[in-house]
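# Architecture and fold: a report
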Amino acid sequence: MSRSEELFERAKKVLPGGVNSPVRAFRAVGGSPRFVVKGLGSHILDEDGLEYIDYIGSWGPMVLGHSHPDILKAVYDRMVNGLSFGAPTALEIEMAEKMISMVPNIEMVRMVNSGTEAVMSALRLARGATGRDKIIKFEGCYHGHSDSMLVGAGSGALTQGEPDSKGVTKGAAQDTLMAQYNDLASVERLLDANLGQVAAVIVEPVAANMGVVPPKNGFLQGLRDLCDKHGALLIFDEVITGFRLAAGGAQEYFGVRADLVTFGKIIGGGMPVGAYAGSRALMEQVAPCGPVYQAGTLSGNPVAMAAGLAQLQILTDHPEVYTVMETSAQYIANHLRASAEKHGVKMQVNQVGSLLCPYFTDTPVDCFAAAKTSDTKKYAKYFNEMLLRGVYLAPSQFEAMFVSSAHTQKDLAFTVQAADESLAAL
């Protein structure tokens, strides 16, 4: 038994499923999770001394790779003066100023502790600001595990949401309406059927929790127009796309304005942190300025702020990082398509910026229904073949591959060769 397997057996006795987040359990792909000891650049090392090229990157925030020296120095310099105070620090101001300088259309920021908390707080603000209760989200888009976001589609396009998780009441879910990603007509029908009742439409600008599904031309602008027409707010959930697609996130990348934007651990260099941001008029409705209450002892934690500031400064100083990452992702995507064709494997590869995802289907993937046509058993086999060859992918079909600026040409060549061999083995 390997060291990782031993640890997993221990973990199952004290942690639900042996993990602290479900996808880590490898249930979708089989086998035991690898317990990681360290990460450096584009590589991680597990408890058995095995090294992998990492395409998870802590689920997105490691745009510069693991253990970047500037970020580690910033953390060390800050932590020797204390880890948490529950009182303001200058770093919170500096972080907010930095974010506002980079992201279009935001004037104020509120720090929180996770992407889930950022979304939960932004939804409350949207309801408080509009005086409306209902929210429109999209099937297959994940916005954290707050109750109102854990819903599935009802019996028809205009029905109210039903809870997707035990412990979520129908009351918590009843004001969440489900639309179809890349289908403006489904959004318009919901808005028309609930006139004057929808506070906000929340969307992942690139749907990166059903793999990677890019928005069709005009989809995001169409949402902007529909929200303006109906007096609803448009919320971009940029927990994955923020500071990854571009320095200004999806608003810059696609040229579409959102009213509120949510961010996750990328603004902490991978440390636990989140934020929501918007116009001064909206954000000043948050306590203590306004009536929308939200608080957190660890919000704006100084160590996380120091790490995040170091990362954002590097991204500002080196904008070429985005071209490098996108070029690397395109290289992998093109080689995957060529290998799949060579070996007669049905595969679609979606890629936007530094995000990509292979789907084992011959159906173009532009929505959740199309994503679900992927052969998940074939993905599981592909995942394990890649893992055996030293390439660490997401242990689930419906997750993204995250390319960082630390992935070298040698890494990329190794990855596509491993992919070619893995696809041949299918």
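Residues numbered from 1 in each chain as written. Predicted model: local features only at pLDDT ≥ 70, side-chain atom pairs only at ≥ 80, totals over all residues. Heavy atoms only, no water.

With that settled, consider the confidence of the model for the protein. Looking at the protein, the pLDDT average stands at 94 and 97% of residues meet or exceed 70. Low confidence marks residues 153–161, where pLDDT is under 50. Its contacts with residues over four positions away, or in another chain, come to 19 contacts. (pLDDT = per-residue confidence, 0-100. Contact = heavy atoms within 4.5 Å.)

Turning next to helix α7 (residues 219–230). Note on helix geometry: an α-helix contains 3.6 residues per turn, so any two residues three or four positions apart are oriented the same way. Here α7 spans 16 Å end to end across twelve residues, near enough to the 16 Å set by a 1.5 Å rise per residue. Looking at α7, one finds that the buried residues are F219, L220, G222, L223, R224, L226, C227 and H230. Elements in contact with the buried residues of α7: β5 (134–138), α6 (184–193), β9 (198–203), β10 (233–237) and α8 (249–254). Among the residues trailing α7, G231 stands out with phi positive, at a value near 70 degrees. (Helix = DSSP H or I, 4+ residues; strand = E, 2+ residues; numbered from the N terminus. Expected span 1.5 Å × (residues − 1). Buried < 20%, exposed > 50% of the residue type's maximum accessible area, 1.4 Å probe, protein only.)

With that settled, consider the packing of aromatic side chains. Tallied over the full model, the rule gives ten aromatic pairs. Ring centres of F243 and F263 lie 5.3 Å apart, and the angle between their planes is 35 degrees; this geometry places the pair in the tilted category. Highlighted residues: F243 in the loop between β10 and α8 and F263 in strand β11 (residues 260–263), separated in sequence by 20 residues. F263 matches F243 in its accessibility class, with the two residues each being buried. Centre to centre, the rings of Y379 and Y382 are 6.3 Å apart; their planes meet at 55 degrees, and the pair counts as tilted. Within this pair, Y379 and its partner Y382 are both found in helix α13 (residues 376–388), separated by three residues, close to a single helical turn. The residues Y379 and Y382 share a single accessibility class, namely buried. Among the aromatic residues, those joined into a ring-pair cluster are F138, Y181 and F219. (Phe/Tyr/Trp six-rings, centres within 6.5 Å; stacked < 30°, edge-to-face > 60°.)

In this chain, A287 is followed by P288 through a cis amide linkage whose omega measures 10 degrees. Looking at the secondary structure, you find P288 in the loop between α9 (280–283) and α10 (302–317). Backbone geometry at N105 places phi at a positive 70 degrees, although glycine is not the residue there. Inspection of the secondary structure assignment puts N105 in the loop between α3 (90–102) and β4 (108–112). The partly exposed category is assigned to N105, whose relative accessible area is 40%. Backbone geometry at N182 places phi at a positive 70 degrees, although glycine is not the residue there. Position of N182 relative to the elements: it lies in the loop between β8 (176–179) and α6. The exposure class assigned to N182 is buried, which follows from its relative accessible area of 10%.

To continue, consider helix α1 (residues 3–14). Taking 1.5 Å of rise per residue, the twelve residues of α1 would be expected to cover 16 Å, and the 17 Å separating its terminal C-alpha atoms lies within 8% of that figure. For α1, the set of buried residues is S4, L7, F8 and A11. Angularly, the buried residues of α1 cover 105 degrees about the axis, an arc narrow enough to put them on a single face. Those residues of α1 that are exposed and angled more than 90 degrees off the buried face are R10 and K13. Residues of α1 that are buried in the fold lie against β2 (43–46). (Arc of directions from axis to C-beta.)

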